[in-house]
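Spelled out from the first residue to the last, the chains are:
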Amino acid sequence: MSLKNDIEIYLSHNDVSIVSFDLYGTLVRRIVDDPRLVFSIVEARYNVKHKQSIINFERDRIHAENKARKGKNEEDVKIKEIYTNLPYKESICRNLMKIEKEVEVDVVLPIQENINLLKSLHDRGYQIIITTDMYLDKGTISKILDNNGIDYDELFISGEIGLSKEAGGLYRYILETCSGKIIHIGDNSAKDVGMAEKYGIHAFQYKSQNDPFNDVSFGIGYKKVGPFLVCFCKWVGEKKKREGIDELWFVAREGYLLKNIYEALYPEEKSVRYVRLNKNICLEPFSYVQGDSSSKEKYDILIDFLKEQKIEGKTIGLVNNSMSGNLQNMLEVITVDEFKTQFVGLQFVKSRNLYKLYPSQRSYGFLEETRGVIGLKSSFKRSCIMFEHILFEPCGTALRIKRIDNVLNIECDEQGEEKVNNKLVEKIQNSALMYANTGCSYNEVISMRKFAGFLCNPLKEEAIIGTLLYDKDMHSHLIAPPQKRLGFLEMIKNARSAKTACWPDAYLVLYGNPIVKALYDGLIFLRDYC
């Protein structure tokens, strides 16, 4: 039976006039795994706004709260009391507290099923009160409630009152303040259920079975891929300004999610396109320029297509997952006689071949230029096919440009067996985009660490997506389970084979053991750094 049904049955048999809702974990949820990460975001935002940066704010903020609680006779503390214990100047503390309140508003998402329940009860005449153990002030909590469409009649905050649910005093205070029979709804079995019932308030526990944060694919998008792509797209935006790029072309199919993330970060920017150009379309025109006269028709069609894009005299940024630079090189060779156009490659990583083609200028790798973690560049290269599938548009690859009745259209291949990927990839993409749309992000280092952890040491439930994603060119899933028990050397060999593992770290997490995985990591480290 559902929580809603349990509550309805109880209400139909009891003369209840007031319904109390817990806030965090019941009506709203922070988007960060650990509430302490809020303090890391506060530090990052402060350092962006101020010339004199601070360090170790998370440590100092936690210590200040502990100190404030120890010196307090009441059951909870106010945020102002916490900040008086920070080892900074008063002006810095004021700015940090203001930023923390802003971040707390930004990092919250609604738990819609419970908000719908609250609205239904409110519409039927029940008095709604919000009861929360929190140090934030009434103004900040009110803004969180308003932003998430939560209507209420009374608001009880432990920090403001000096009494908490956890110690029980807040329930006693509510009973003394409110007239009428009360029920309480919350997610914590101890302070929302046990302590409420100790004071004679019938309580219901919310268990978040349908919460998307419990969905592995949602977590991959929101907590791992999304933060990394936000960092990448911010880097692309900075490169666009620095290199004088007129237009950004997000190249199909992996440019699909990248463009959506970029537009979420820069909604006012108009010089952004999603372009279905690849080696299938450019190879024959490239051959024509190299002397193959049989490809002239394809060359003419591509030139006409590029004229339609109005590229004359522009500097165009090519954004994709390519590490080789082949598309950029082909386009430069094809267009050299027709257009005064420059192309700048913006990709995650540069391969050795790409360094040879463009040793310094006109091609840039995000992971070469960005603070990250040891091994991220190497693990990215090992798992780039898996990552590419997460970025893909849900359609087949572009095959050719066709001229029909003097209209140019790009013809795509059938998606075929890769259709099985769509539902999973859509979930990951939507949650990554949701992260970008929240308007806040982990700082760069945290984002890189989370993504590196996903690539190098995924949880088993995360690694399973490698067995679910199908690659049409390979005619197989990205990870193929071993057909027999394997020894150490066979396991390592399989992990390094594209036929069995396009995501070797995930393969070893699923089918190896901690010793094999550690030895593999050691071999990779020796290869890359010794």
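Above this text is the structure in question.
Attention in this report is confined to the structure presented alongside it.

Basis of the calculations
- Residues numbered from 1 in each chain as written.
- Predicted model: local features only at pLDDT ≥ 70, side-chain atom pairs only at ≥ 80, totals over all residues.
- Heavy atoms only, no water.
- Helix = DSSP H or I, 4+ residues; strand = E, 2+ residues; numbered from the N terminus.
- Buried < 20%, exposed > 50% of the residue type's maximum accessible area, 1.4 Å probe, protein only.
- Contact = heavy atoms within 4.5 Å.
- Lys, Arg positive; Asp, Glu negative; His and termini not counted.
- Charge placed at Lys NZ, Arg CZ, Asp CG, Glu CD.
- Core = buried A, V, L, I, M, F, W, Y, C linked by side-chain atoms within 4.5 Å.
- Patch = residues over 30% accessible without salt bridge, like charges linked within 9 Å, V, L, I, M, F, W, Y side chains within 5 Å.
- Areas by Shrake-Rupley, 256 points an atom, 1.4 Å probe, with all protein chains shown as cover.
- Salt bridge = Lys/Arg side-chain N within 4 Å of Asp/Glu carboxyl O.
- Pairing = 2+ DSSP bridges.
- Axes fitted to C-alpha atoms, helices over the stretch in contact; angles between N-to-C directions.
- Parallel < 35°, antiparallel > 145°, perpendicular 65-115°, else oblique.
- Nonpolar A, V, L, I, M, F, W, Y, C, P; charged D, E, K, R; others polar.

**Thoughts on the overall build of the chain**
Step number 1: A tally of helices and strands in the chain yields 26 helices and 16 strands.
Step number 2: When its C-alpha atoms are laid out on the principal axes, the chain stretches across 90 × 60 × 60 Å.
Step number 3: Looking at the chain residue by residue over its 530 residues, the buried ones come to 52%.
Step number 4: Taking the intrachain contacts of the chain between residues at least 6 apart in sequence as the baseline, contacts between residues at least 24 apart amount to 72%.
Step number 5: Positive and negative charge centroids in the chain, built from 73 and 73 side chains respectively, lie 5 Å apart.

**As for the nonpolar core**
Step number 1: If you look at the biggest cluster of nonpolar residues, it comprises 128 residues, and the most contacted ones within it are Phe21, Ile130, Phe228, Leu229, Phe348, Phe380 and Ile465.
Step number 2: Considering each element in turn, this core owes the most residues, 12 residues, to helix H11 (residues 216–242).
Step number 3: Setting aside anything within four residues of it in sequence, one finds isoleucine 465 in contact with Ile220, Met386, Ile390, Leu424, Ile428, Phe454 and Trp503.

**Examining helix H12 (residues 255–265)**
Helical periodicity: at 3.6 residues per turn, an α-helix aligns residues three or four positions apart in one direction.
Step number 1: Turning to H12, its buried residues are Gly255, Leu257, Leu258, Lys259, Ile261 and Tyr262.
Step number 2: Summarising the contacts, the buried residues of H12 are in contact with H11, strand E8 (247–251), strand E9 (272–275), strand E10 (315–319), helix H19 (384–391) and helix H20 (422–437).

**Side note on a nonpolar patch on the surface**
Step number 1: Taken together, the side chains of Ile374, Leu523, Phe525 and Leu526 define a hydrophobic patch exposed on the protein surface, amounting to about 430 Å² of accessible area.
Step number 2: Looking at the element boundaries, leucine 523 is found in helix H26 (residues 514–529).
Step number 3: Leucine 523 sits in the partly exposed class, given a relative accessible area of 45%.

**Overview of the sheet that holds strand E6 (residues 181–186)**
Step number 1: The five strands are arranged E5-E4-E1-E6-E7 in an open sheet whose pairing can be described as parallel. Single-partner strands in this sheet number two, and they are strand E5 (154–157) and strand E7 (202–205). Between one strand axis and the next, the sheet turns by 25 degrees as a mean value, whatever way the strands run.

**Quick look at the pairing of strand E1 (residues 16–21)**
Step number 1: Of all six residues that make up E1, five are buried, and the element is covered over most of its length.
Step number 2: Bridge analysis of E1 against E6 gives five bridges, and the strand direction is parallel. Considered in E6, the bridge of isoleucine 18 is made with isoleucine 182.
Step number 3: Where E1 meets strand E4 (residues 127–132), four bridges bridge the pair, whose relative direction is parallel. Considered in E4, the bridge of valine 19 is made with isoleucine 128.

**Topic: the packing of helix H14 (residues 296–308) against helix H15 (residues 326–335)**
When two helices pack together, their arrangement is given by the angle between the helix axes and the distance between those axes.
Step number 1: Running from N to C, H14 and H15 point in directions that differ by 95 degrees, and their axes come no closer than 11 Å. It follows from the interaxial angle that H14 and H15 lie roughly perpendicular. Taken together, the residues of H15 that come into contact with H14 (itself represented by Tyr299, Leu302, Ile303 and Leu306) are Leu331, Ile334 and Thr335.
Step number 2: Across the contact of H14 with H15, the residue classes break down as six nonpolar, one polar and no charged.

**Some points on the pattern of salt bridges**
Step number 1: Throughout the structure, instances matching the rule amount to 34 salt bridges.
Step number 2: One salt bridge connects lysine 98 with glutamate 102, and the closest N-O pair in it is separated by 2.8 Å. With a gap of four residues between them, lysine 98 and glutamate 102 both fall in helix H5 (residues 90–106), about one helical turn apart.
Step number 3: Between lysine 101 and aspartate 137 there is a salt bridge, and its shortest N-O distance comes to 3.3 Å. Linking lysine 101 in helix H5 with aspartate 137 in the loop between E4 and helix H7 (138–147), this pair joins segments that are 36 residues apart in sequence.
Step number 4: On the accessibility criterion, lysine 101 (21% relative accessible area) is partly exposed.
Step number 5: Look at aspartate 137 and you get buried, because its relative accessible area is 18%.

**Re the side chain of serine 379**
Step number 1: Positionally, serine 379 belongs in helix H18 (residues 376–382).
Step number 2: In this structure serine 379 comes out as buried when scored by relative accessible area, which is 0%.

**With respect to the packing of H19 against H20**
Step number 1: Axis separation between H19 and H20 bottoms out at 8 Å; the angle between their running directions is 80 degrees. By the criterion of interaxial angle, the relationship of H19 to H20 is roughly perpendicular. Each of His389, Ile390 and Leu391 in H19 lies in contact with H20, whose residues at this interface are Val425, Ile428 and Gln429.
Step number 2: Here the residues of the contact of H19 with H20 sort into four nonpolar, two polar and no charged.

**Let's talk about the sheet that holds E10**
Step number 1: Taken together, the five strands give an open sheet; going across it, the order is E9-E8-E10-E11-E12, and neighbouring strands pair in parallel fashion. Both outer strands of the open sheet, E9 and strand E12 (363–365), are each paired with one neighbouring strand and no more. Adjacent strand axes in the sheet meet at a mean angle of 25 degrees, parallel and antiparallel pairs treated alike.
Step number 2: Across four bridges, the pairing between E8 and E9 is parallel. Looking across to E9, one finds that leucine 248 is bridged to valine 272.
Step number 3: Contacts from H15 reach E8, E10, strand E11 (342–347) and E12 within the one sheet, and its direction differs from that of E11 by about 175 degrees.

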